[in-house]
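# Results of the structural survey
This is what each chain is made of:
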Amino acid sequence: MSKDNPLLSVVVPVYNEQEVIGETVKRLVGVLDGMSVDYEVVFVNDGSRGGTLSVLRPLCEADARLKLVNFSRNFGHQIAITAGMDMTRGAAVVVIDADLQDPPEVIPGMFEVWKQGYEVVYGKRVSREGETFFKKFTARVFYRFMARMTEVDMPVDTGDFRLIDRRVVDALRRIPERNRYVRGIVSWLGFRQYAYEYERHERFAGQTKYPLKKMLKLASDGLVSFSVKPLRWILGTGIVLSALSVLYLLYVLIASLCGAAMLSAGLYALLGFITLLLGVVMISLGVLGEYVGRIYDEAKARPLYIVSDTVNIEAVYER
Ligand code: UDP
Ligand code: MG
């Protein structure tokens, strides 16, 4: 597979997208057909219930270039794109959402940049249409916060929509991490990276599959897998609190030696301090727990995903 006649792979994670998936296939195939390259599209059905499969399966069965990996249940977006990449064979691999928020029409441009020699062409959103203020605000804050928290150079306002070279895919496959933050891992891998600016559209139809709970999980996976700063903050807080307590105790000792009358009102303040400190201790335990829980996950070493069945895929590479 040379760069003169490369195979282009496209990975599409799909979770309950019955309202859009037909249109997505149509638009994707339209764009890819116009590119005069050989291509394959790997749809990863991440445990969708409802009509998604009954739309997607016949479409894949009718066209050998459309492939389907059907998970046994919902494993989450990050695992779905990982599995999709595992199953691809292309010299260049594009990851794109199923809801047409990332326009497939951007792919030919990314492909050209790849041909110029960039191994990672990531989509950088210059605008986001039709998303809630809350989503845009939290995303904005989160990406900037992450950029400060990690030593890895992570671009802001960048999701998983990107084109990556086979070498990057192979490198990614050597990373066994379970609670994955794929966009961060790709930044960590290095290579020549190019920011491809595009306008993120409104969802074509249906609702977001990222409720607050999944957003928080993704954010904490990103943070915990790329930074140990929260652990240092615990240490810092502990040191400051201990130092203040020693000073305070010295003050109490000296005051009582000098015969000052104390107690009464101070008791209420004491109660406040105790609950405050309990709060600090429990938050610290929680932060620790985020790390320990992930260590536990890694130690169990369960498979990353379970494939129930596939369409048009010869070799199932599982992990
Ligand atoms: N998705 C998935 N598994 C999930 C949640 C989402 O495969 O558990 C897919 C979803 O079908 C879509 C992509 O991941 O193709 C991004 O999800 P969504 O558009 O709901 O996220 P948003 O754009 O709202 O952040
Ligand atoms: Mg979306």
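These lines cover the structure that appears in this document, whether it is placed above or below. In this text the structure is predicted, and so the values were computed from the model without any measurement. Per chain, residue numbering runs from 1 following the sequence as it is written. Following the order in which they are written, the chains are lettered starting with A and the ligands numbered starting with 1. In keeping with the predicted nature of the model, local features appear solely for residues at pLDDT of at least 70, side-chain atom pairs appear and are counted solely at 80 or more, and the whole-chain, interface and lining totals rest on all residues. In computing side-chain properties, one takes all heavy atoms of the structure into account and sets aside hydrogens as well as water.

## Quick word on the coordination of the magnesium ion (ligand 2)
The following threshold applies: Think of the donor list as every N, O and S atom within 2.8 Å of the metal, or within 3.2 Å for Na, K and Ca; water never makes the list, so a site can look incomplete. A 1.4 Å probe rolled over the protein chains alone gives each residue an accessible area, and that area as a share of the maximum for its type sets the label: buried under 20%, exposed over 50%, partly exposed in between.
Those donors, Asp99 (OD) and Gln101 (OE1), are the protein atoms that reach the magnesium ion (ligand 2), and they lie 1.9 Å from it. Each of the two residues, Asp99 as well as Gln101, counts as buried.

## Here's the deal with the sheet that holds strand E7 (residues 193-200)
Which entries qualify depends on this criterion: By the convention used here, strands pair only if DSSP detects at least 2 bridges between them. What counts as a helix is a DSSP run of H or I of at least four residues, what counts as a strand is a run of E of at least two, and both are numbered from the N terminus. Fitting a line to C-alpha atoms yields each axis, with helices limited to the stretch in contact; the angle taken between N-to-C directions then spans 0 to 180 degrees. Pairs of residues are marked as contacts when any of their non-hydrogen atoms sit within 4.5 Å.
Strand order in this open sheet of eight strands is E7-E5-E6-E4-E1-E2-E3-E8, and the pairing throughout is mixed. The open sheet has two edge strands, E7 and strand E8 (307-311), and neither has a second partner. Neighbour-to-neighbour, the strand axes of this sheet turn through a mean angle of 20°, independent of strand direction. Sheet topology note: the strand E1 (residues 7-14)/strand E4 (residues 92-95) ladder contains four bridges and is parallel. Residue pairing for E4: Val11 is matched across the bridge by Val95. Along the sheet face, helix H1 (residues 21-33) touches E1, strand E2 (38-45) and strand E3 (66-71) and points at about 160° away from the line of E2. Its contacts with the sheet place helix H3 (residues 77-87) against E1, E2, E3, E4, strand E6 (158-165) and E8, and it is angled at close to 155° to E1.

## With respect to the side chain of Gln101
In plain terms, the rule: The definition of a polar contact used here is a pair of N or O atoms within 3.5 Å, where within protein one atom must be able to donate a hydrogen and the other to accept one, and adjacent residues in sequence count solely through side-chain atom pairs.
Here Gln101 is to be found in the loop between E4 and helix H4 (107-115). For Gln101, a relative accessible area of 6% gives the class buried. Within the local environment of Gln101, its side chain forms a polar contact with the side chain of Arg200, the two groups lying 2.8 Å apart. Not counting residues up to four positions away in its chain, the partners in contact with Gln101 are Glu131, Tyr198, Glu199, Arg200, His201, Glu202 and Arg203.

## Thoughts on helix H2 (residues 52-61)
Here is the rule: Along the arc lie the directions from the helix axis toward the C-beta atoms.
When we look at burial in H2, the residues that qualify are Thr52, Leu56 and Cys60. Burial along H2 is one-sided: seen end-on, the buried residues are contained in an arc of 30°. Structural note: H2 exposes Ser54 and Glu61 on the side pointing more than 90 degrees away from its buried face. Each element contacted by the buried residues of H2 is listed here: E1, H1, E2, E3 and E8.

## Let's talk about H1
We count it as follows: Here a helix's expected span is defined as the number of its residues, less one, multiplied by 1.5 Å.
For H1, spanning 13 residues, the distance from its first C-alpha to its last is 18 Å, which sits close to the expected 18 Å at 1.5 Å a residue. All of the buried residues along H1 are Ile21, Thr24, Val25, Leu28, Val29, Val31 and Leu32. Each buried residue of H1 lies within a common arc of 165° when the element is viewed along its axis, so the set occupies one face.

## Here's the deal with the pattern of salt bridges
Note the threshold: Any carboxyl oxygen of Asp or Glu within 4 Å of a side-chain nitrogen of Lys or Arg constitutes a salt bridge here.
Applying the stated criterion across every chain, the model contains 24 salt bridges. The partner of Asp102 in a salt bridge is Arg200, with the nearest N and O atoms 2.5 Å apart. In this pair, Asp102 is assigned in the loop between E4 and H4 and Arg200 in strand E7, connecting sequence segments 98 residues apart. A residue is classified by how much of its surface remains accessible, and Asp102, at 1% relative accessible area, is buried. Residue Glu112 pairs with Lys115 through a salt bridge whose shortest N-O separation is 3.8 Å. One end of the pair is Glu112 and the other is Lys115, both in helix H4 and three residues apart, which spans about a single turn.

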